[in-house]
Amino acid sequence: MDTRLLAKLGTLRQLQIFMKVAETRSIARAAEALHLSHSAVSVQIRKLAEAAGLPLHEVIGKQLHLTEAGREVLASGRELFEVIARLDSRLNNLKGLTAGSLSIAVVTTAKYFLPRILGPFCQLYPDIDVAFMVGNRAEIIKRLNGNRDDFYIFSDPPDDLDIHSQPFLPNPLAVVASAKNPLNRRERLDWADLRGQKFLLREEGSGTQITIQKHLRENGLALGKTMVIESNEAIKYAVMADMGITILSAYVLANASEDGLAQLRVKGFPIMSDWHVVHLKSKKLSLIAERFLDFILNRSREFLPMEHIERQVERALARG
């Protein structure tokens, strides 16, 4: 085995720093994330490039871009750290331990409920390190494509990737308004009754938006006035301020009365869908990942306000 390149390429820490720069597309943001100075990150990136014998990045119009050599180093770095993670997992398994790491990436709406599941799981296995990333659907699909994490949570999993996808929770999408909206006093509403209301919606391509558009097409319905807001949290506050109505996961309504929100009783709603836990078929799950998968599939309902959510759904279906 020729180890000359291995000897030249410096430390794993340099590679880790480079990978963070590649992820953030910024030396400054990488330095902040790693709690290092800007100059310390720059020095390590320069040393790694010198060892490789080629520039690993370039700046065009104030934007950092990887060179072809940089992309090769990034891809190999991910493979290397994946191998190290598997080794760590196997050693822990041999010791009979449930230590190690677990990485989960979720679409934004899932942040309302996944911590309630992760908390009890971490209490069962206090020695594990958990990384919990939140992003929009496009960002999470990119992470899935790169095999960056153990699991991904979607309401509408991609159908063009070689994945295992298992539903574990219902995800009813309800029509939501401010409690001050006069429509809230109506016992029964048809879609036509919403004419004149402004719909506050997520951006095209979000899982929620995909499900809504599919439901509308299948039922011959159309939206009227709309406003796109790229954050569930911002939509929630805009609805609270009575700027319009929205269609959101019922999990956002867990504290509806406190938040000044109300579920409108509209015929055909809520839209019934599911939350899915996803991983690549090629992913070799560690022992702790297997235990988390079993936990989320079989025990997640224990830690969520399912009675409240199911009551909201039954109430809407009975009067819709």
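No experiment lies behind these values; they were computed from the predicted model shown.

Chemist: Explain the layout of surface pockets to me, and be specific about the residues and the numbers.
Modeler: For the largest pocket, the calculated volume is near 1,200 Å³. Around the largest pocket, the lining is made up of 42 residues, and of these Phe81, Glu82, Ala85, Ser101 and Arg148 lie nearest the centre. Listing elements by their share of the lining of the largest pocket, those giving two or more residues are helix H2 (12-24), helix H5 (68-94), strand S3 (100-107), strand S4 (128-135) and helix H11 (287-299). The element that contributes the greatest number of residues to the lining of the largest pocket is H5, accounting for 13 residues. For the lining of the largest pocket, the per-class residue count stands at 15 nonpolar, 10 polar and 17 charged.

Chemist: Which residues make up the side chain of Thr208, and what values go with them?
Modeler: Among the secondary structure elements, Thr208 is positioned in helix H8 (residues 207-218). Residue classification places Thr208 among the buried residues on the basis of a relative accessible area of 9%.

Chemist: An account of the nonpolar core is needed here, citing residue identities and associated values.
Modeler: Membership of the largest hydrophobic core comes to 37 residues, with the highest contact counts inside it found for Phe113 and Ile153. Elements represented by at least two residues in this core include exactly S3, helix H6 (114-124), helix H7 (137-145), strand S5 (151-154), strand S6 (163-170), strand S12 (274-280) and H11. By residue number, the principal contributor to this core is H11, which donates 6 residues. Setting aside anything within four residues of it in sequence, one finds Ile153 in contact with Ile104, Ala105, Val106, Val107, Ala110, Phe113, Leu114, Phe168, Trp275, His276, Val277 and Ile296.

Chemist: Run through the environment of Lys47, naming residues and quoting values.
Modeler: Inspection of the secondary structure puts Lys47 in helix H4 (residues 38-52). Along the chain, Lys47 and Thr11 lie 36 residues apart, while their C-alpha atoms are 9.9 Å from each other.

Chemist: Describe a positive patch on the surface, naming the residues involved and giving the relevant values.
Modeler: Taken together, Arg25, Arg71, Arg78 and Lys142 make up a surface patch of like positive charges. Here Arg78 lies in helix H5.

Chemist: Pulling in residues and values, what's your account of the packing of helix H3 (residues 27-34) against H4?
Modeler: Here H3 crosses H4 at 110 degrees, and the two axes come no closer than 8 Å. As summarised for this structure, H3 and H4 are arranged roughly perpendicular, according to the angle between their axes. Two secondary-structure elements touch here, H3 through Ile27, Ala28 and Ala31 and H4 through His38, Val41 and Ser42. Across the contact of H3 with H4, the residue classes tally to 4 nonpolar, 2 polar and no charged.

Chemist: Tell me about H4, and please be specific about residues and values.
Modeler: Taking 1.5 Å of rise per residue, 15 residues should cover 21 Å, and H4 covers 21 Å from first to last C-alpha, within 8% of that figure. Every buried residue of H4 is accounted for by Val41, Ile45, Leu48, Ala49 and Ala51. Buried positions in H4, seen along its axis, are confined to an arc of 160 degrees and lie on one side of it.

Chemist: Please set out the confidence of the model for the protein chain residue by residue, giving values where relevant.
Modeler: Scored by pLDDT, the protein chain has a mean of 85; 89% of the residues are at 70 or more. Mean pLDDT values for the elements of the protein chain range from 54 in helix H1 (residues 4-8) up to 96 in S5.

About the thresholds
- Residues numbered from 1 in each chain as written.
- Predicted model: local features only at pLDDT ≥ 70, side-chain atom pairs only at ≥ 80, totals over all residues.
- Heavy atoms only, no water.
- 1 Å grid on protein atoms, 1.4 Å probe; cavity = no way out; pocket = protein on both sides within 12 Å on 5 of 7 lines; lining within 4 Å.
- Points joined across faces, edges and corners; volume = space filled by probe spheres on them.
- Helix = DSSP H or I, 4+ residues; strand = E, 2+ residues; numbered from the N terminus.
- Nonpolar A, V, L, I, M, F, W, Y, C, P; charged D, E, K, R; others polar.
- Buried < 20%, exposed > 50% of the residue type's maximum accessible area, 1.4 Å probe, protein only.
- Core = buried A, V, L, I, M, F, W, Y, C linked by side-chain atoms within 4.5 Å.
- Contact = heavy atoms within 4.5 Å.
- Patch = residues over 30% accessible without salt bridge, like charges linked within 9 Å, V, L, I, M, F, W, Y side chains within 5 Å.
- Areas by Shrake-Rupley, 256 points an atom, 1.4 Å probe, with all protein chains shown as cover.
- Salt bridge = Lys/Arg side-chain N within 4 Å of Asp/Glu carboxyl O.
- Lys, Arg positive; Asp, Glu negative; His and termini not counted.
- Charge placed at Lys NZ, Arg CZ, Asp CG, Glu CD.
- Axes fitted to C-alpha atoms, helices over the stretch in contact; angles between N-to-C directions.
- Parallel < 35°, antiparallel > 145°, perpendicular 65-115°, else oblique.
- Expected span 1.5 Å × (residues − 1).
- Arc of directions from axis to C-beta.
- pLDDT = per-residue confidence, 0-100.

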